[in-house]
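What follows is each chain in one-letter form.
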Amino acid sequence: MAAPKRMVPGFAILLLLLGCTVMAVDLYSANTNPEVQEFQRVELSCVIKHTNTDNPRVEWKKIRNGDISYVFFDNIIQGDLKNRAEIKGGISLVIFNASRTDTGRYRCEVAAAEDQKRFSEITINLTVTVKPVVPQCKVPKSVPVGKSAVMHCQEKEGYPSSVYRWYRNGDPLPDDSKSNPKFLNSSFMQNISSGTLVLGSVNKGDIGQYYCIASNAAGSARCEAQLLEVFTRTLQKQMV
(Lines give C-alpha, C1' and ligand atoms only; values in the text may rest on other atoms or scores of the structure.)
Protein backbone atom coordinates (compact mmCIF):
# COMPACT_ATOMS: atom_id res chain seq x y z
CA MET A 1 0.00 0.00 0.00
CA ALA A 2 1.36 3.43 -0.98
CA ALA A 3 2.04 5.83 1.85
CA PRO A 4 -0.21 8.91 1.97
CA LYS A 5 1.31 12.06 0.52
CA ARG A 6 2.40 14.69 2.99
CA MET A 7 0.85 18.15 2.50
CA VAL A 8 3.39 20.86 1.91
CA PRO A 9 3.04 23.49 4.72
CA GLY A 10 2.88 26.41 2.27
CA PHE A 11 0.07 24.74 0.33
CA ALA A 12 -1.86 24.14 3.55
CA ILE A 13 -1.61 27.84 4.44
CA LEU A 14 -2.87 28.79 0.97
CA LEU A 15 -5.90 26.55 1.38
CA LEU A 16 -6.58 28.09 4.78
CA LEU A 17 -6.45 31.60 3.32
CA LEU A 18 -8.75 30.65 0.46
CA GLY A 19 -11.26 29.27 2.93
CA CYS A 20 -11.36 32.48 4.93
CA THR A 21 -13.38 35.54 3.97
CA VAL A 22 -11.51 38.81 4.22
CA MET A 23 -13.86 41.17 6.06
CA ALA A 24 -14.52 44.55 4.47
CA VAL A 25 -17.02 47.27 5.19
CA ASP A 26 -20.13 46.58 3.12
CA LEU A 27 -23.54 48.31 2.99
CA TYR A 28 -27.05 47.58 1.81
CA SER A 29 -30.42 49.33 1.89
CA ALA A 30 -33.89 47.90 2.44
CA ASN A 31 -35.27 50.47 -0.02
CA THR A 32 -33.12 52.57 -2.36
CA ASN A 33 -36.15 54.41 -3.83
CA PRO A 34 -38.41 55.45 -0.94
CA GLU A 35 -41.49 57.55 -1.69
CA VAL A 36 -43.47 59.46 0.93
CA GLN A 37 -46.20 62.06 0.99
CA GLU A 38 -45.35 65.55 2.15
CA PHE A 39 -45.45 66.07 5.96
CA GLN A 40 -45.04 62.33 6.62
CA ARG A 41 -42.13 60.39 8.18
CA VAL A 42 -39.67 58.51 6.00
CA GLU A 43 -36.64 56.32 6.75
CA LEU A 44 -33.64 56.25 4.44
CA SER A 45 -32.35 52.76 5.09
CA CYS A 46 -28.58 52.22 5.27
CA VAL A 47 -27.28 49.10 7.01
CA ILE A 48 -23.74 47.83 7.57
CA LYS A 49 -23.56 44.18 6.48
CA HIS A 50 -19.91 43.58 7.35
CA THR A 51 -17.17 45.47 9.15
CA ASN A 52 -14.21 44.80 11.44
CA THR A 53 -14.30 48.34 12.81
CA ASP A 54 -16.01 48.95 16.15
CA ASN A 55 -17.02 52.57 15.49
CA PRO A 56 -17.01 53.29 11.75
CA ARG A 57 -17.41 56.90 10.66
CA VAL A 58 -20.85 57.60 9.15
CA GLU A 59 -21.74 60.56 6.97
CA TRP A 60 -24.82 61.47 4.91
CA LYS A 61 -24.78 63.84 1.95
CA LYS A 62 -27.59 65.22 -0.20
CA ILE A 63 -27.28 65.67 -3.96
CA ARG A 64 -29.85 67.94 -5.61
CA ASN A 65 -29.54 69.78 -8.92
CA GLY A 66 -25.85 68.95 -9.01
CA ASP A 67 -25.14 70.51 -5.59
CA ILE A 68 -23.75 68.39 -2.73
CA SER A 69 -24.41 69.32 0.89
CA TYR A 70 -23.86 67.61 4.24
CA VAL A 71 -26.87 66.13 6.00
CA PHE A 72 -25.05 64.25 8.78
CA PHE A 73 -21.45 65.12 9.59
CA ASP A 74 -19.31 64.80 12.73
CA ASN A 75 -22.28 63.08 14.45
CA ILE A 76 -24.56 66.11 13.95
CA ILE A 77 -27.57 66.61 11.64
CA GLN A 78 -26.80 69.51 9.34
CA GLY A 79 -28.62 72.07 7.18
CA ASP A 80 -32.39 72.36 6.86
CA LEU A 81 -32.85 68.87 8.35
CA LYS A 82 -31.26 69.94 11.64
CA ASN A 83 -34.53 69.87 13.58
CA ARG A 84 -36.41 67.40 11.39
CA ALA A 85 -34.22 64.30 11.29
CA GLU A 86 -32.29 61.81 13.37
CA ILE A 87 -29.95 58.85 12.91
CA LYS A 88 -31.49 55.46 13.65
CA GLY A 89 -29.42 52.42 14.60
CA GLY A 90 -26.29 54.47 14.28
CA ILE A 91 -26.56 54.83 10.51
CA SER A 92 -30.06 55.02 8.88
CA LEU A 93 -31.48 58.53 8.37
CA VAL A 94 -35.04 59.24 9.51
CA ILE A 95 -36.74 62.42 8.28
CA PHE A 96 -39.80 63.70 10.12
CA ASN A 97 -42.34 66.03 8.52
CA ALA A 98 -40.84 65.53 5.04
CA SER A 99 -40.92 68.55 2.73
CA ARG A 100 -41.04 68.70 -1.06
CA THR A 101 -37.58 70.26 -0.91
CA ASP A 102 -36.28 67.02 0.62
CA THR A 103 -36.68 65.27 -2.73
CA GLY A 104 -33.26 64.28 -4.05
CA ARG A 105 -30.42 61.76 -3.88
CA TYR A 106 -28.90 60.94 -0.51
CA ARG A 107 -25.54 59.22 -0.13
CA CYS A 108 -24.73 57.15 2.93
CA GLU A 109 -20.94 56.93 3.37
CA VAL A 110 -19.10 54.73 5.86
CA ALA A 111 -15.36 54.82 6.59
CA ALA A 112 -13.99 51.83 8.53
CA ALA A 113 -10.31 52.21 9.42
CA GLU A 114 -9.81 48.62 10.58
CA ASP A 115 -11.18 46.97 7.44
CA GLN A 116 -9.13 45.96 4.43
CA LYS A 117 -11.69 47.79 2.28
CA ARG A 118 -12.05 50.92 4.33
CA PHE A 119 -14.83 52.80 2.55
CA SER A 120 -18.29 52.00 1.23
CA GLU A 121 -21.25 54.09 0.08
CA ILE A 122 -24.82 53.63 -1.09
CA THR A 123 -27.23 56.09 -2.75
CA ILE A 124 -30.89 56.50 -1.78
CA ASN A 125 -33.29 58.28 -4.17
CA LEU A 126 -36.02 59.99 -2.13
CA THR A 127 -39.24 61.28 -3.67
CA VAL A 128 -41.59 63.43 -1.58
CA THR A 129 -44.98 63.53 -3.28
CA VAL A 130 -47.34 66.51 -2.92
CA LYS A 131 -51.11 66.34 -3.37
CA PRO A 132 -52.59 68.55 -6.08
CA VAL A 133 -54.51 71.63 -5.02
CA VAL A 134 -57.88 72.53 -6.54
CA PRO A 135 -57.13 73.20 -10.22
CA GLN A 136 -58.10 76.40 -11.98
CA CYS A 137 -60.66 75.53 -14.65
CA LYS A 138 -61.86 77.72 -17.49
CA VAL A 139 -64.99 76.72 -19.42
CA PRO A 140 -66.61 79.06 -21.98
CA LYS A 141 -70.16 79.96 -20.97
CA SER A 142 -71.64 79.66 -24.45
CA VAL A 143 -70.44 78.65 -27.91
CA PRO A 144 -72.27 78.79 -31.28
CA VAL A 145 -73.04 75.50 -33.02
CA GLY A 146 -70.24 74.37 -35.31
CA LYS A 147 -67.53 76.39 -33.61
CA SER A 148 -64.71 75.00 -31.47
CA ALA A 149 -64.48 75.40 -27.71
CA VAL A 150 -61.31 75.27 -25.63
CA MET A 151 -61.26 74.47 -21.90
CA HIS A 152 -58.29 74.76 -19.55
CA CYS A 153 -57.43 73.00 -16.31
CA GLN A 154 -54.20 73.46 -14.34
CA GLU A 155 -52.64 73.40 -10.89
CA LYS A 156 -48.99 73.97 -9.98
CA GLU A 157 -48.55 72.55 -6.48
CA GLY A 158 -48.70 68.79 -7.05
CA TYR A 159 -45.53 66.70 -7.28
CA PRO A 160 -44.99 64.71 -9.40
CA SER A 161 -46.79 66.86 -11.97
CA SER A 162 -50.52 66.25 -12.16
CA VAL A 163 -52.36 64.56 -14.98
CA TYR A 164 -55.80 65.90 -15.90
CA ARG A 165 -59.08 64.28 -16.81
CA TRP A 166 -62.21 66.13 -17.91
CA TYR A 167 -65.79 65.11 -17.03
CA ARG A 168 -69.16 66.03 -18.52
CA ASN A 169 -72.25 65.63 -16.35
CA GLY A 170 -70.26 63.33 -14.08
CA ASP A 171 -68.99 61.05 -16.86
CA PRO A 172 -65.25 60.95 -17.68
CA LEU A 173 -64.45 61.96 -21.24
CA PRO A 174 -62.79 58.97 -22.96
CA ASP A 175 -59.59 59.25 -24.96
CA ASP A 176 -61.64 58.32 -28.02
CA SER A 177 -65.09 59.92 -28.20
CA LYS A 178 -66.34 57.08 -30.42
CA SER A 179 -65.59 54.46 -27.76
CA ASN A 180 -68.47 55.54 -25.52
CA PRO A 181 -72.10 55.76 -26.74
CA LYS A 182 -72.64 58.87 -24.62
CA PHE A 183 -70.09 60.79 -26.69
CA LEU A 184 -70.71 59.42 -30.19
CA ASN A 185 -71.91 62.80 -31.45
CA SER A 186 -69.04 64.70 -29.88
CA SER A 187 -65.64 65.45 -31.32
CA PHE A 188 -62.95 66.40 -28.82
CA MET A 189 -59.30 66.05 -27.86
CA GLN A 190 -57.96 66.25 -24.32
CA ASN A 191 -54.33 66.57 -23.29
CA ILE A 192 -53.85 64.88 -19.92
CA SER A 193 -50.48 66.60 -19.42
CA SER A 194 -51.52 70.20 -20.09
CA GLY A 195 -55.15 69.87 -18.98
CA THR A 196 -56.51 71.31 -22.23
CA LEU A 197 -59.78 70.06 -23.69
CA VAL A 198 -60.73 71.07 -27.24
CA LEU A 199 -64.22 70.44 -28.61
CA GLY A 200 -63.80 70.42 -32.39
CA SER A 201 -67.26 71.35 -33.66
CA VAL A 202 -69.80 71.76 -30.91
CA ASN A 203 -73.42 70.71 -31.17
CA LYS A 204 -76.38 70.62 -28.83
CA GLY A 205 -75.15 67.31 -27.45
CA ASP A 206 -72.13 69.04 -25.95
CA ILE A 207 -74.25 71.10 -23.57
CA GLY A 208 -73.53 70.14 -19.98
CA GLN A 209 -71.64 70.63 -16.75
CA TYR A 210 -67.88 70.28 -17.21
CA TYR A 211 -65.25 69.84 -14.53
CA CYS A 212 -61.68 68.56 -14.31
CA ILE A 213 -59.79 66.35 -11.85
CA ALA A 214 -56.05 66.77 -11.32
CA SER A 215 -54.29 63.72 -9.88
CA ASN A 216 -50.87 62.28 -9.10
CA ALA A 217 -49.39 59.60 -6.84
CA ALA A 218 -50.24 61.62 -3.72
CA GLY A 219 -53.93 62.25 -4.41
CA SER A 220 -56.38 64.26 -6.47
CA ALA A 221 -58.44 67.45 -6.51
CA ARG A 222 -61.27 68.73 -8.70
CA CYS A 223 -62.66 72.08 -9.68
CA GLU A 224 -66.31 73.09 -9.51
CA ALA A 225 -68.50 72.12 -12.46
CA GLN A 226 -69.22 74.87 -14.98
CA LEU A 227 -72.05 74.96 -17.50
CA LEU A 228 -71.32 75.06 -21.22
CA GLU A 229 -74.24 76.25 -23.34
CA VAL A 230 -74.51 75.89 -27.12
CA PHE A 231 -76.64 78.22 -29.24
CA THR A 232 -77.51 78.60 -32.90
CA ARG A 233 -76.53 81.80 -34.73
CA THR A 234 -80.10 82.45 -35.91
CA LEU A 235 -81.29 82.42 -32.32
CA GLN A 236 -78.58 84.85 -31.39
CA LYS A 237 -79.67 87.30 -34.16
CA GLN A 238 -83.28 87.15 -32.96
CA MET A 239 -82.16 88.03 -29.45
CA VAL A 240 -80.19 91.12 -30.62
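All of the points below concern the structure found in this document. Everything numeric in this text was worked out from a predicted model, so none of it was measured.

So, how was this worked out
Residues numbered from 1 in each chain as written. Predicted model: local features only at pLDDT ≥ 70, side-chain atom pairs only at ≥ 80, totals over all residues. Heavy atoms only, no water. Helix = DSSP H or I, 4+ residues; strand = E, 2+ residues; numbered from the N terminus. Pairing = 2+ DSSP bridges. Axes fitted to C-alpha atoms, helices over the stretch in contact; angles between N-to-C directions. Polar contact = N/O pair within 3.5 Å; in protein donor to acceptor, adjacent residues only side chain to side chain. Contact = heavy atoms within 4.5 Å. Core = buried A, V, L, I, M, F, W, Y, C linked by side-chain atoms within 4.5 Å. Buried < 20%, exposed > 50% of the residue type's maximum accessible area, 1.4 Å probe, protein only. Salt bridge = Lys/Arg side-chain N within 4 Å of Asp/Glu carboxyl O.

Describing unusual backbone geometry
Comment: phi is negative for the bulk of residues other than glycine, and the bulk of peptide bonds are trans.
Thought 1: A cis geometry characterises the amide bond from Y159 onward to P160, with omega recorded as 0°.
Thought 2: With respect to the helices, strands and loops of the structure, P160 is situated in the loop between strand 14 (149-154) and strand 15 (163-168).
Thought 3: At N75, a residue that is not glycine, the phi angle is positive and equals roughly 65°.
Thought 4: Structurally, N75 is set in the loop between strand 6 (67-73) and strand 7 (76-77).
Thought 5: Of note, N97 is a non-glycine position whose phi angle comes to about 55°, a positive value.
Thought 6: Of note, N97 is situated in the loop between strand 9 (92-95) and strand 10 (104-111).

Some thoughts on the sheet that holds strand 8 (residues 85-88)
Thought 1: On the basis of which strands lie adjacent, the open sheet formed by three strands has the order 3-9-8 and antiparallel pairing. In this open sheet, the two strands that pair with only one neighbour each are strand 3 (42-44) and strand 8. Each neighbouring strand pair of the sheet contributes to a mean axis angle of 25°, computed without reference to strand direction.
Thought 2: With three bridges joining them, strand 3 and strand 9 adopt antiparallel strand pairing. Residue pairing for strand 9: L44 is matched across the bridge by L93.

Examining the pairing of strand 21 (residues 226-231)
Thought 1: In the sheet, strand 13 (residues 142-144) pairs with strand 21 via three bridges, with the strands oriented parallel. By the bridge assignment, V143 is partnered in strand 21 with V230.

Some thoughts on the side chain of R107
Thought 1: Along the polypeptide, R107 turns up in strand 10.
Thought 2: Side-chain polar atoms of R107 contact the side chain of E109, separated by 2.7 Å.
Thought 3: Dropping the residues within four chain positions of it, R107 is found in contact with E59, W60, K61, I63, I68, E121, I122 and T123.

Some points on the nonpolar core
Thought 1: Ranked by size, the top nonpolar core spans 25 residues in total, and within it L44, W60, L93, I95, Y106, C108 and L126 carry the most contacts.
Thought 2: Broken down by element, the residue count for this core peaks at four residues, all from strand 11 (residues 119-129).
Thought 3: Non-local contacts of C108, meaning those with residues more than four positions away in its chain, are made with L27, C46, E59, W60, I91, S120, E121 and I122.
Thought 4: Listed in part, the 22 residues of the second largest apolar core include V143, V202, Y211 and C223.

Here we look at the environment of R118
Thought 1: On the secondary structure map, R118 appears in the loop between strand 10 and strand 11.
Thought 2: Along the primary structure R118 and V25 are separated by 93 residues, whereas in three dimensions their C-alpha atoms are 6.2 Å apart.
Thought 3: Within polar-contact distance, the side chain of R118 engages the backbone oxygen of A113 at 3.4 Å.

Comments concerning the pattern of salt bridges
Two side chains bearing opposite charge may form a pair once their charged atoms approach each other closely.
Thought 1: This model, assessed by the stated rule, comprises eleven salt bridges.
Thought 2: Among the ionic pairs, R107 bridges to E121, the shortest N-O distance being 3.9 Å. Within this pair, whereas R107 is found in strand 10, its partner E121 is found in strand 11, the two being separated by 14 residues in sequence.
Thought 3: Judged by its relative accessible area of 16%, R107 is buried.
Thought 4: Its salt-bridge partner being R168, residue D206 comes within 3.5 Å of it at the nearest N-O pair. Taken together, the residues span a long stretch of sequence, with D206 in the loop between strand 18 (196-199) and strand 19 (208-216) and R168 in strand 15 at a distance of 38 residues. As far as burial versus exposure is concerned, D206 and R168 are alike and both buried.
Thought 5: Here the salt bridges do not stand alone but share partners, grouping K61, R107, E109 and E121 into one network.

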